[in-house]
Amino acid sequence: MAVDDLKVKIGLEVHCQLTSLKTKLFCSCSADYRGDKPNTHVCPVCIGIPGTLPVVNEKAVNFAVMVASALNSKISERMVFFRKNYFYPDMPKNFQISQYDKAGGIPISVGGFLTLDGGRRVMIRRIQLEEDPGKLSYEGTIETSRYTLVDYNRAGVALVEVVTEPDLESPREARIFLEKLRSQLEHLGVFDGSLEGSMRCDANISLAEGRRVEVKNISSFKEVERALNFEVTRQGTLVGKGIRVGMETRHWDEVRRITVTLRVKEEEQDYRYFPEPDLMPIQITEEYVSKLRASMPELPESRRQRFIETYGISGQNADVLIDNKALADFFEKCVELKTNPQEASNWIVGDLIAYLHAAGIELSESKITPKHLTRILQMIDDGTISIKIAKLVLEEMMKTGATPEEIVERKGLRRISDTTYLADLVNKIFRENTQAVSDAVRDEKAVNYLVGQLMKATQGKADPELANKLIRDKLAELSK
Ligand code: ZN
Ligand code: MN
């Protein structure tokens, strides 16, 4: 079989921290630990002192049920926590309180789907609630001797884990899925994807039937796509040479941009799951679920519909905006400031996103505000600047946060509509381009060339309509 014919199958296990929770999943330690000194957000419960008892954070259950609803997943009537036993320094209790869909462990929900732009559904296997382990950092070098530090600030923070079926057909699609998932969670108000490490991902990928490789702990959407692309090439090469792909767990090395073997496993690791004896099963009634559903904020799909129907923007623009809540919010603020919606959406989806991509930053890291963009569009409308100049202003604004007026004044970008000044330039251009001038009688390209020369001489600042008129008037005058 040709390597190109191999069907790529990717499944994801995504861990999302419910960042809107103030406290951890089973104790009252603050979950807002980022940037704080190690081991300052800990208590006897989350570091597992014997004799302490966990208490479920009710809000975490609410949030997880909302996530399950948004992903069309079937919510369990009875939710049971399990102990996942393993011995590792990041988990001080030597087990993680989690859920499971085997061994009688019942997750928040099973099944469900998330719809991609083409309408195809990526099926979800289960959604579960669990606690995050602590964080290890590996310090020192071989020369100075190596050691490991443990920070339990993160230990016990609430995660919702979304497990998909192996439904994704390419690394690119895996990335799109993650972006959509992030947007769902952000619209629900339970999650802030801009916080470092708030979404982490394991991926499994197979090309040849049943030969599944797992890639562990990938930190960002971009890295997920890269790691999976590497695996497609690696596994494809093996299959092409007739070599069996080893079923194993691999680690993505972000620096070298390769995956390396972590452990070879022929069957699933045995975590000795058993019901957590310290937590009662939670009954989830229909009434409770429908109450929660009714309180849920607007989700991406209906927001998309509203953007198209209320603001009249194109479906394509709406798709792009909706996949990034920050951009969708930015757009709506522009509209509130009375910006033409279609134009605002074109600028956001076009130049603004292009700038963010090129700079490798998120909207929140740029300095632009809806007020700024609105002002730029007004300046185009009233003729102060040309579209070309507007692009320059936008870029400068995103870098410095200066107002469009400041940038236009400081850089002298105001549109030139001074007829006398421009007419002088036209005379000069005609003297220097005699060939083009004589061609212009029958060749429209030569006319455009002359207009282009005038725009060039004014660094793009000449009023384009006026520039056109002056060139054509001058040509008409000559041919008399
Ligand atoms: Zn605690
Ligand atoms: Mn997990």
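Thresholds applied
- Residues numbered from 1 in each chain as written.
- Chains lettered and ligands numbered in written order.
- Predicted model: local features only at pLDDT ≥ 70, side-chain atom pairs only at ≥ 80, totals over all residues.
- Heavy atoms only, no water.
- Helix = DSSP H or I, 4+ residues; strand = E, 2+ residues; numbered from the N terminus.
- Rg over C-alpha atoms; globule rule 2.2 N^0.38 Å.
- Buried < 20%, exposed > 50% of the residue type's maximum accessible area, 1.4 Å probe, protein only.
- Core = buried A, V, L, I, M, F, W, Y, C linked by side-chain atoms within 4.5 Å.
- Contact = heavy atoms within 4.5 Å.
- Donors = N, O, S within 2.8 Å, 3.2 Å for Na, K, Ca; no water.
- 1 Å grid on protein atoms, 1.4 Å probe; cavity = no way out; pocket = protein on both sides within 12 Å on 5 of 7 lines; lining within 4 Å.
- Points joined across faces, edges and corners; volume = space filled by probe spheres on them.
- Nonpolar A, V, L, I, M, F, W, Y, C, P; charged D, E, K, R; others polar.
- Axes fitted to C-alpha atoms, helices over the stretch in contact; angles between N-to-C directions.
- Parallel < 35°, antiparallel > 145°, perpendicular 65-115°, else oblique.
- Domains from an automatic or database assignment.
- Salt bridge = Lys/Arg side-chain N within 4 Å of Asp/Glu carboxyl O.
- Expected span 1.5 Å × (residues − 1).
- Pairing = 2+ DSSP bridges.

1. So, the overall build of the protein chain
Here is step 1 of the chain: On a plain count of helices and strands, the protein chain comes out with 15 helices and 17 strands.
Here is step 2 of the chain: Rg of the C-alpha trace for the protein chain: 29 Å, well past the compact-globule value of 23 Å for 480 residues, more than 25% over.
Here is step 3 of the chain: Dimensions along the principal axes, computed over C-alpha positions, put the protein chain at roughly 100 × 55 × 50 Å.
Here is step 4 of the chain: Burial status across the protein chain gives 49% buried among its 480 residues.

2. Observations concerning the nonpolar core
For soluble globular proteins, the rule of thumb is that nonpolar side chains tend to be buried together.
Here is step 1 of the chain: Judged by nonpolar contacts, the single largest core of 63 residues is most densely connected at Leu-12, Leu-129, Leu-181 and Val-190.
Here is step 2 of the chain: Ranked by residue count, the leading element in this core is helix 1 (residues 58–70), at nine residues.
Here is step 3 of the chain: Val-190 has contacts with Gln-17, Leu-18, Thr-19, Ser-20, Phe-63, Met-66, Val-67 and Leu-185, leaving out every residue within four places of it along the chain.
Here is step 4 of the chain: Residues Ala-328, Ile-348, Tyr-355 and Ile-368 belong to the second largest nonpolar core, which totals 37 residues.

3. Side note on the environment of Arg-431
Here is step 1 of the chain: Summarising the element assignment, Arg-431 is placed in helix 12 (residues 419–432).
Here is step 2 of the chain: When the C-alpha atoms of Arg-431 and Pro-275 are compared, they prove to be 90 Å apart, with 156 residues separating the residues in sequence.

4. Concerning the coordination of the zinc ion (ligand 1)
Here is step 1 of the chain: Each protein donor to the zinc ion (ligand 1) is listed here as Cys-27 (SG), Cys-29 (SG), Cys-43 (SG) and Cys-46 (SG); together their distances run 2.3 to 2.4 Å.
Here is step 2 of the chain: Between consecutive donors of the zinc ion (ligand 1), the numbers of intervening residues give the motif C-x1-C-x13-C-x2-C. Placement of the pair is Cys-29 in the loop between strand 1 (9–17) and helix 1 and Cys-43 in the loop between strand 1 and helix 1, with a sequence separation of 14 residues.
Here is step 3 of the chain: Looking at Cys-29, the relative accessible area reads 10%, which means it is buried.

5. What to know about the layout of surface pockets
Here is step 1 of the chain: Considering only enclosed or pocket space, the second largest pocket measures out at about 350 Å³ in volume.
Here is step 2 of the chain: Every residue lining the second largest pocket is counted, 18 residues in all, and those nearest its centre are Leu-114, Thr-115, Gln-184, Pro-300 and Glu-301.
Here is step 3 of the chain: Across the lining of the second largest pocket, the residue classes tally to seven nonpolar, five polar and six charged.

6. Remarks on the packing of helix 1 against helix 4 (residues 286–295)
Here is step 1 of the chain: It is at 10 Å that the axes of helix 1 and helix 4 come closest, and there the two elements cross at 75 degrees. Taken together, the axis directions place helix 1 and helix 4 in an arrangement best described as roughly perpendicular. Along the contact surface, helix 1 presents Val-61, Asn-62, Val-65, Met-66 and Ser-69, while helix 4 presents Tyr-288, Val-289, Leu-292 and Arg-293.
Here is step 2 of the chain: For the contact of helix 1 with helix 4, a count of residues per class yields six nonpolar, two polar and one charged.

7. Observations concerning the domain arrangement of the protein chain
Quite often, the size of an interface is put as the accessible area lost when its parts meet.
Here is step 1 of the chain: Considered domain by domain, the protein chain is made up of domain 1 (3–291), domain 2 (298–411) and domain 3 (419–478).
Here is step 2 of the chain: Inter-centroid distance (C-alpha atoms) of domain 2 to domain 3 is 33 Å.

8. Looking at the pattern of salt bridges
Here is step 1 of the chain: Per the counting criterion, the structure on display carries 39 salt bridges.
Here is step 2 of the chain: Between Arg-154 and Asp-132 there is a salt bridge, with the nearest N and O atoms lying 3.3 Å from each other. Of this pair, Arg-154 sits in the loop between strand 10 (147–151) and strand 11 (158–164) while Asp-132 sits in the loop between strand 8 (121–131) and strand 9 (135–139), and the two are 22 residues apart along the sequence.
Here is step 3 of the chain: Of the charged contacts, one joins Asp-132 and Arg-200 as a salt bridge, the two residues approaching to 2.7 Å between their closest N and O atoms. Taken together, the positions of Asp-132 in the loop between strand 8 and strand 9 and Arg-200 in strand 12 (residues 199–206) put the pair 68 residues apart, joining distant regions of the chain. Across the pair, exposure class does not vary: Asp-132 and Arg-200 are buried alike.
Here is step 4 of the chain: One salt-bridge network, in which partners are shared between bridges, spans Glu-298, Arg-303, Arg-306, Lys-325, Asp-329 and Glu-332.

9. Here we look at the coordination of the manganese ion (ligand 2)
The expected angle between donors at a tetrahedral four-coordinate metal is 109.5 degrees. At an octahedral six-coordinate metal it is 90 or 180 degrees.
Here is step 1 of the chain: His-15 (NE2), Glu-130 (OE) and Glu-161 (OE) make up the full set of protein donors to the manganese ion (ligand 2), lying at 2.1 to 2.2 Å.
Here is step 2 of the chain: Every donor residue of the manganese ion (ligand 2) comes from the same chain, spaced as H-x114-E-x30-E. Of this pair, His-15 sits in strand 1 while Glu-161 sits in strand 11, and the two are 146 residues apart along the sequence. Like His-15, the residue Glu-161 is buried in the burial classification.

10. Observations concerning helix 5 (residues 300–311)
Here is step 1 of the chain: For helix 5, built from 12 residues, the straight-helix expectation of 16 Å at 1.5 Å per residue is met to within 8% by its first-to-last C-alpha distance of 15 Å.
Here is step 2 of the chain: Contacts from the buried residues of helix 5 go to helix 2 (171–188), helix 6 (315–322), helix 7 (325–336) and helix 8 (341–359).
Here is step 3 of the chain: Positive phi shows up at Gly-312, right after helix 5, with a value of about 65 degrees.

11. A few points about the sheet that holds strand 5 (residues 95–98)
Here is step 1 of the chain: The strand order 5-4-16 describes an open sheet built from three strands, whose pairing is antiparallel. Each edge of the open sheet is held by one strand with a lone partner, namely strand 5 and strand 16 (274–275).
Here is step 2 of the chain: When strand 4 (residues 82–85) meets strand 16, the two strands line up antiparallel, connected through two bridges. Each bridged residue has a counterpart across the sheet, and for Arg-83 the counterpart in strand 16 is Phe-274.

12. What about unusual backbone geometry?
Here is step 1 of the chain: Not every positive phi belongs to a glycine, and Arg-272 is a case in point at roughly 50 degrees.
Here is step 2 of the chain: Among the secondary structure elements, Arg-272 is positioned in the loop between strand 15 (258–264) and strand 16.
Here is step 3 of the chain: Arg-272 gets classed as exposed once you look at its relative accessible area, which sits at 60%.
Here is step 4 of the chain: Unusually for a residue other than glycine, Lys-338 sits at a positive phi of about 70 degrees.
Here is step 5 of the chain: For Lys-338, the location among the structural elements is in the loop between helix 7 and helix 8.

13. Considering the side chain of Arg-234
Here is step 1 of the chain: For Arg-234, the location among the structural elements is in helix 3 (residues 221–240).
Here is step 2 of the chain: Excluding residues that lie within four positions of it along the chain, Arg-234 makes contacts with Val-213, Glu-248, Arg-250 and Thr-259.

14. Examining the environment of Gly-236
Here is step 1 of the chain: Looking at the secondary structure, you find Gly-236 in helix 3.
Here is step 2 of the chain: Using a relative accessible area of 3% as the deciding quantity, one classes Gly-236 as buried.

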